[in-house]
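Architecture and fold: a report
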Amino acid sequence: GKFISLHLVSKDRFIIREGELTRLTRRGKTTYYFHLFNDLLMYSSREMSGKFILHRRVPLRDVSVEKDKDPASIQVMSPQKSFVIKANSQNEAAEWYADLKRNIAICEEELKKAGRVKLKAAPLWKQDHNADECEICSANFNLFNRKHHCRKCGCIACGKCSSHKMQLPNIDPTQPQRVCDRCYADAYLDRK
């Protein structure tokens, strides 16, 4: 991996809470160590030595959170990546949710004062095990017909129905992203 220099020390930054949470991924579940600062959410894997390997840092000014259908889970929506985190209990999830909401509101207020707008959130990806067939053409997935996630809407489509790429500046301002035929067609019709 690449080394990223991360400056966490700031006179205006302080830790709100930290702890292990499970992040639901497209392939299953992974436990990470989360740090919530007053302006930043980070998650890392923890080595046996106690060191942290950073996986993602998300400025709270660009985040929104929603309660998930599972009362112990929270949907975290951000421009580059949206995901679901699961706590060990409903009470723990409620505490994380309240702290996130409170600090996101403060960061949003600062964003408004600066005259900036919040970036559009990336979609939540559906988990692979929830799809046996393409959501567009209904072709069954198998060893040769693989699953692909649309970076614009999060649906699971086959390669034939997700062969287009387009700019999604909220996810990556320079690299075109894989999108499904529906999103590509919608974007094309919007341009006309």
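This section reports on the structure supplied with the text. Residue numbers restart at each chain and count upward from 1, following the sequence in its written direction. Side-chain atom pairs in this predicted model are given and counted only at pLDDT of 80 or more, local residue features only at pLDDT of at least 70, and totals for whole chains, interfaces and linings cover all residues. As a convention, hydrogens and water are excluded, and side-chain values are obtained from all of the structure's heavy atoms.

**Looking at the overall build of the protein**
What counts here: Comment: elements are numbered from the N terminus, with helices defined as DSSP H or I runs of at least four residues and strands as E runs of at least two. The buried label applies to any residue whose accessible area, calculated with a 1.4 Å probe on protein chains only, is under 20% of its type's maximum; exposed applies above 50%, and partly exposed to all values in between. Contacts are assigned to residue pairs with any non-hydrogen atoms lying within 4.5 Å of each other. When charges are counted, neither His nor the chain ends are considered; positive counts come from Lys and Arg and negative counts from Asp and Glu. By convention, the point assigned to a charge is CZ for Arg, NZ for Lys, CD for Glu and CG for Asp.
Across its full length, the protein holds 2 helices and 11 strands. Structurally, the protein occupies a C-alpha span of about 50 × 40 × 35 Å along its principal axes. The buried share of the protein, reckoned over its 192 residues, is 40%. Within the protein, counting contacts between residues at least 6 apart in sequence, those at least 24 apart form 42% of the total. Put simply, the protein has 35 plus and 23 minus side-chain charges, and the middle of one group is 5 Å from the middle of the other.

**Observations regarding the layout of surface pockets**
Definition in use: Only protein atoms enter the 1 Å grid, on which a cavity is a set of points fitting a 1.4 Å probe that cannot get out and a pocket is an open set with protein on both sides within 12 Å along at least 5 of 7 lines, lining residues being those with an atom within 4 Å of a point. Grid points are joined across faces, edges and corners, and a volume is the space filled by probe spheres set on the points. By the convention adopted, Pro, Cys, Tyr, Trp, Phe, Met, Ile, Leu, Val and Ala count as nonpolar, Lys, Arg, Asp and Glu as charged, and the other residues, Gly among them, as polar.
For the second largest pocket, the calculated volume is near 440 Å³. Together, 19 residues line the second largest pocket, and Leu24, Val84, Trp125, Lys126 and Gln127 are the ones closest to its centre. If you list the elements that add at least two residues to the lining of the second largest pocket, you get strand E1 (15-24), strand E6 (73-77) and strand E7 (83-86). Tallied by class, residues from the lining of the second largest pocket come to 5 nonpolar, 7 polar and 7 charged.

**Looking at the nonpolar core**
Stated formally: Remark: nonpolar core denotes a set of buried residues (Ala, Val, Leu, Ile, Met, Phe, Trp, Tyr, Cys) joined through side-chain atoms within 4.5 Å.
Core analysis: the largest hydrophobic core is formed by 21 residues, its most contacted members being Phe34, Leu41, Leu60, Val65 and Val76. The element best represented in this core is helix H1 (residues 90-113), accounting for 6 residues. If we skip the residues at most four places from it in the chain, leucine 41 touches Phe34, His35, Leu36, Arg56, Arg57, Val58, Leu60, Val76, Trp96 and Leu100. Cys161, Met166, Cys183 and Ala187 belong to the second largest nonpolar core, which has 17 residues in total.

Purely geometric stuff here, so don't read any function into it on its own.
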